[in-house]
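Residue-level structure breakdown
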Amino acid sequence: MEAKRLHLLNELFAPLSPAKRITTLYQYFDPSEVMFTSSFGATSVVLLHMMRQNRPSQKVHFLDTTYHFAETLAYKKMVSEQFGLQVEDIYPDPTQNQLTKDEETYKDDPNLCCMVNKIVPMDAVKVNYKVWISGLIGYQTHFRSGMGIFDENQGMIKFNPLIDLTHDQVKAYVKKFDLPQHPLKARGYHSIGCKHCTIKGEGRNGRWQGNDKTECGLHVDTKPIAKSATDNIDLSSKVNQS
Ligand code: SF4
């Protein structure tokens, strides 16, 4: 989809609540074109709950790198059962995955490790879809703060319905619905990924400690849609917030 259309969608969806953005998405795209991924990390429960409330039939893809904390897998099981989620696991190639274990690639070449265990297996699934729903939030990293509700990612449309939520709004949503929290949060982990690349810390400070890396690579090919792309488009049919 060309940049002008994506920018138009950004304009139409900006006034909507995240929940309304989710329901409206399916007016523009066929359900078979939509992929939703969750890491079952520190803030994942917000979007998982919103999807359950507004699009319960949407399947959830979970990327199992084989390096997750046991607490993450237990949390995934608990939330999936509580919300009645249909979760499909994605795995890396077992031979290549074993090589990263044998070589402890995550220590000296985390980019290669993420390529083998995250990017390649995810790419194999992405080809089947047009739209990718993710729970990225702008305040999480500087990179994410530049993303829109709709962006382009290697020919796919990235849909980030929570992107403009504040930290307080996320906390308020969790409190309002009394949502279950990842067990490691209470132990000081504020961003939770693979166990070899996650330590305690505020925000994403605990990810890839001692390395410049701040993103696993799944989202870095995302291109924010330039505002100038639709300067001359007449937005005559705004979607109204309910
Ligand atoms: S986050 Fe760490 S362990 Fe997980 S795939 Fe990337 S480098 Fe490997």
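The present account deals with the structure reproduced in this document. (Residues numbered from 1 in each chain as written. Predicted model: local features only at pLDDT ≥ 70, side-chain atom pairs only at ≥ 80, totals over all residues.)

**Topic: the pairing of strand E3 (residues 87-90)**
As a general feature of sheets, a regular strand has side chains that alternate between the two faces. Two elements, strand E2 (residues 60-63) and E3, share 4 bridges in a ladder whose sense is parallel. Bridging across to E3, Leu63 finds its partner in Ile90. Crossover connection from E2 via helix H4 (residues 70-83) to parallel E3: handedness right-handed. (Pairing = 2+ DSSP bridges. Helix = DSSP H or I, 4+ residues; strand = E, 2+ residues; numbered from the N terminus. Right-handed = clockwise from strand over helix to strand, strands pointing away.)

**Things to note about the site of the ligand**
Near the ligand, the surroundings consist of 13 residues, among which Pro110, Cys113, Cys114, Cys194 and Cys197 are the closest. With 5 residues, helix H7 (residues 110-126) is the single largest residue contributor to the shell around the ligand. A class-by-class count of the residues in the shell around the ligand yields 8 nonpolar, 4 polar and 1 charged. (Near = placed C-beta within 6 Å. Nonpolar A, V, L, I, M, F, W, Y, C, P; charged D, E, K, R; others polar.)

**Points about H7**
A bend of about 40 degrees at Val116 is the largest found in H7. Along H7, the residues classified as buried are Cys113, Cys114, Val116, Asn117, Lys118 and Pro121. Turning to H7, the residues buried within the fold contact E2, E3, helix H5 (94-102) and helix H6 (105-108). (Bend = angle between axes of the 7 residues up to and from the residue. Buried ≥ 20, exposed ≤ 12 C-beta atoms within 10 Å, placed from the backbone. Contact = placed C-beta atoms within 7 Å.)

**Re the environment of Met78**
Residue placement: Met78 occurs in helix H4. With 13 C-beta atoms packed within 10 Å, Met78 lands in the partly exposed category. When the C-alpha positions of Met78 and Pro180 are compared, they lie 8.8 Å apart, and in sequence the two are 102 residues distant.

**What to know about the environment of Asp123**
Within the secondary structure, Asp123 is located in helix H7. In this structure the C-alpha to C-alpha distance between Asp123 and Gln154, which are 31 residues apart in sequence, comes to 9.8 Å.

**Observations regarding the packing of helix H2 (residues 18-28) against helix H3 (residues 44-54)**
Interhelical geometry of H2 versus H3 gives an angle of 55 degrees and a closest axis separation of 10 Å. Taken as axis vectors, H2 and H3 run oblique relative to one another. In this structure, H2 crosses over H3, and the sense of that crossing is right-handed. Facing H2, whose interface residues are Pro18, Ala19, Ile22 and Thr23, H3 presents Met50, Met51, Gln53 and Asn54. When the residues that make up the contact of H2 with H3 are grouped by side-chain class, the tally is 5 nonpolar, 3 polar and no charged. (Axes fitted to C-alpha atoms, helices over the stretch in contact; angles between N-to-C directions. Parallel < 35°, antiparallel > 145°, perpendicular 65-115°, else oblique. Left-handed = near helix turned anticlockwise from the far one by under 90°.)

**Topic: the pairing of strand E5 (residues 150-153)**
Looking at chain direction, E5 and strand E6 (residues 156-159) are connected through 4 bridges and run antiparallel. Directly across from Asn153, in E6, lies its bridge partner Met156. Count of turn residues in the E5/E6 antiparallel hairpin: 2 residues, of which Gln154 carries a positive phi of about 50 degrees.

Keep in mind these numbers describe shape, not what the thing actually does.
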